[in-house]
Amino acid sequence: MKGEGEMNPIFTRRSVRKYLEKPVEKELLIRLCEAGMMAPSAHNRQPWQFLVVTDEEKKKALSRMSPWARFASHAPALIVVILDTSMITEADTKWEQDLSAATQNILLECVNQGLGGCWLGLYPGDERVERVRSILDLSARYIPFSVVSLGYPADERKGPEHIYPDRIHFERLSQ
């Protein structure tokens, strides 16, 4: 199919939870954050900030934000995607979409750079948001939205097959 190779990261991305004990280069971490910044944004507000965490104690603390995040303490790096509320107005009610797109861009660029990553859900869980805000010493101006664990994958498993032709419709959704 024409263009199939161009979308390879979309078709090969998977959630990676086991990483090699190899640090991720600073230049790659910057590149991943830049990929997040390339996401679409309602009214072009771009209300995001990206906080890279490599400190072992902070990674351990962040891995305790939920029972599903325990593995994150072993990731070489975490990127916390954060809403900067000073960049939106009260009328901006769809900022979650902006930060979701930024998070997905980071995950796709991980694949493009030979890394693996996993999206750790955070927002809107008030308890988790407050726990992460406290760990990272964030003021009320900032709302941590997601955490992406990342590193060099410890294995070479293939991504899952998520193609369901019966879910594709033209003009009208079958009832």
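Reference entry: report on the structure contained in this document.

## Structural notes on the pattern of salt bridges
Thought 1: Overall, the coordinates contain eight salt bridges when judged by the stated rule.
Thought 2: A salt bridge links aspartate 155 to arginine 14, with the shortest nitrogen-to-oxygen separation between them at 2.8 Å. Separated by 141 residues along the polypeptide, aspartate 155 in the segment after strand E4 (142-151) and arginine 14 in the loop between helix H1 (8-12) and helix H2 (26-37) bring together distant segments of the chain.
Thought 3: For aspartate 155, a relative accessible area of 29% puts it in the partly exposed group.
Thought 4: Looking at arginine 14, the relative accessible area reads 10%, which means it is buried.
Thought 5: In this structure, the salt-bridge partner of aspartate 84 is arginine 141, at a minimum N-O distance of 2.8 Å. Note that aspartate 84 is positioned in strand E2 (residues 77-84) and arginine 141 in the loop between helix H5 (126-135) and E4, a separation of 57 residues in sequence.

## Considerations on the packing of aromatic side chains
Thought 1: Throughout the structure, instances matching the rule amount to four aromatic pairs.
Thought 2: Look at tryptophan 48 and phenylalanine 50: their rings are 6.4 Å apart centre to centre, the planes differ by 40°, and that puts the pair in the tilted class.
Thought 3: Residue class for tryptophan 48 comes out buried when judged on its relative accessible area of 6%.
Thought 4: Given a relative accessible area of 16%, phenylalanine 50 falls into the buried group.
Thought 5: A connected cluster of aromatic rings, assembled from ring pairs, spans Trp95, Tyr123 and Phe145.
Thought 6: The ring of tyrosine 152 carries lysine 22 above its face, with NZ or CZ at 4.1 Å from the centroid.

Analysis parameters
- Residues numbered from 1 in each chain as written.
- Predicted model: local features only at pLDDT ≥ 70, side-chain atom pairs only at ≥ 80, totals over all residues.
- Heavy atoms only, no water.
- Salt bridge = Lys/Arg side-chain N within 4 Å of Asp/Glu carboxyl O.
- Helix = DSSP H or I, 4+ residues; strand = E, 2+ residues; numbered from the N terminus.
- Buried < 20%, exposed > 50% of the residue type's maximum accessible area, 1.4 Å probe, protein only.
- Phe/Tyr/Trp six-rings, centres within 6.5 Å; stacked < 30°, edge-to-face > 60°.
- Lys NZ or Arg CZ within 6 Å of the ring centre and 35° of its normal.

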